[in-house]
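Notes for the structure review
Residues per chain, in single letters:
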Amino acid sequence: MLLLLALTSSVTRRAIIGAPVSAAAAGQVSGSAAATQQSSAAPPPAALLRSVSEAARAGTLGPMAMWPDPVLRHVAAPVDDFGPVEQFSQMLVDGMESTAIAATQYHVNAQIIALRGASSPLPGPLVLVNPRVLARSPEEQMRP
């Protein structure tokens, strides 16, 4: 079972699929956003990225961006149209080749990440929509 957890723009808790979101679970993804790392390569403009609706309509994720692709430095837009999110989230989980993936890795301009296995706090996949970063590691450089 896929659990899709979304924080709406008004930061209210909302469970789209699966069990209702508990305050404890929602607390794990709320808080202030972390600063993004600096990069010498500028990320592509948002106009060059697809929307969740476009990706869901196409029915395919497309090629995955790999480091040092500048799209990986793009700060994704928050999701405000939840209609295609369930279909896109299932595509994201089905296409995962690792334990964590973000929509921007597939050139989709949306704050959506999918976790599974050791990266997920649940036994099954977990998709977070509009998550907020609470903390980050002291790592300052990406590792290939």
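Scroll up to find the structure.
Cut-off values and rules
Residues numbered from 1 in each chain as written. Predicted model: local features only at pLDDT ≥ 70, side-chain atom pairs only at ≥ 80, totals over all residues. Heavy atoms only, no water. Helix = DSSP H or I, 4+ residues; strand = E, 2+ residues; numbered from the N terminus. Buried < 20%, exposed > 50% of the residue type's maximum accessible area, 1.4 Å probe, protein only. Contact = heavy atoms within 4.5 Å. Areas by Shrake-Rupley, 256 points an atom, 1.4 Å probe, with all protein chains shown as cover. Core = buried A, V, L, I, M, F, W, Y, C linked by side-chain atoms within 4.5 Å. Pairing = 2+ DSSP bridges. Polar contact = N/O pair within 3.5 Å; in protein donor to acceptor, adjacent residues only side chain to side chain.

Observations regarding the overall build of the chain
Check the secondary structure of the chain and you find three helices and five strands. Written out in order from the N terminus, the α and β elements of the chain read β-β-α-α-α-β-β-β. For the chain, the proportion of its 144 residues judged to be buried stands at 33%. Contacts in the chain between residues far apart in sequence, at least 24 positions, make up 61% of those at least 6 positions apart. If you sum the accessible surface of the chain, you get close to 8300 Å²; carbon and sulfur atoms cover 56% of it.

Concerning the nonpolar core
Phe88, Leu92 and Ile112 are the most contacted members of the largest nonpolar core, which totals 20 residues. At the level of elements, helix 2 (52-58), helix 3 (85-94), strand 4 (112-115) and strand 5 (126-129) are the ones that each hand at least two residues to this core. When near neighbours in sequence (up to four residues on either side) are disregarded, Phe88 contacts Val52, Ala55, Leu61, Ala103, Val108 and Ile112.

Looking at the pairing of strand 5
On a regular strand, each side chain points to the face opposite its neighbour's, so the side chains alternate between the two faces of the sheet. Alternating residues of strand 5 divide into Leu126 and Leu128 and Val127 and Val129, and every residue in both groups is buried. By the bridge criterion, four bridges tie strand 4 to strand 5 in an arrangement that is antiparallel. Paired with Ala114 across the bridge in strand 5 is Val127.

Comments concerning unusual backbone geometry
The omega torsion of the bond from Trp67 to Pro68 falls at 15°, within 30 degrees of zero and hence cis. Mapped onto the elements of the fold, Pro68 is located in the loop between helix 2 and helix 3. A positive phi angle, close to 60°, is found at His107, a residue other than glycine. Notably, Asn130 is not glycine yet its phi reads approximately 55°, a positive angle. Assignment of secondary structure puts Asn130 in the segment after strand 5.

As for the side chain of Asn130
We classify Asn130 as buried; its relative accessible area is 7%. Polar contacts involving the side chain of Asn130 include one to the main-chain amide nitrogen of Val79, which spans 2.6 Å.

Notes on the side chain of Ser120
Positionally, Ser120 belongs in the loop between strand 4 and strand 5. Ser120 sits in the buried class, given a relative accessible area of 9%. A polar contact is formed between the side chain of Ser120 and the backbone oxygen of Gly124, at a distance of 3.1 Å. Among residues more than four places away in sequence, those in contact with Ser120 are Leu115, Pro125 and Leu126.

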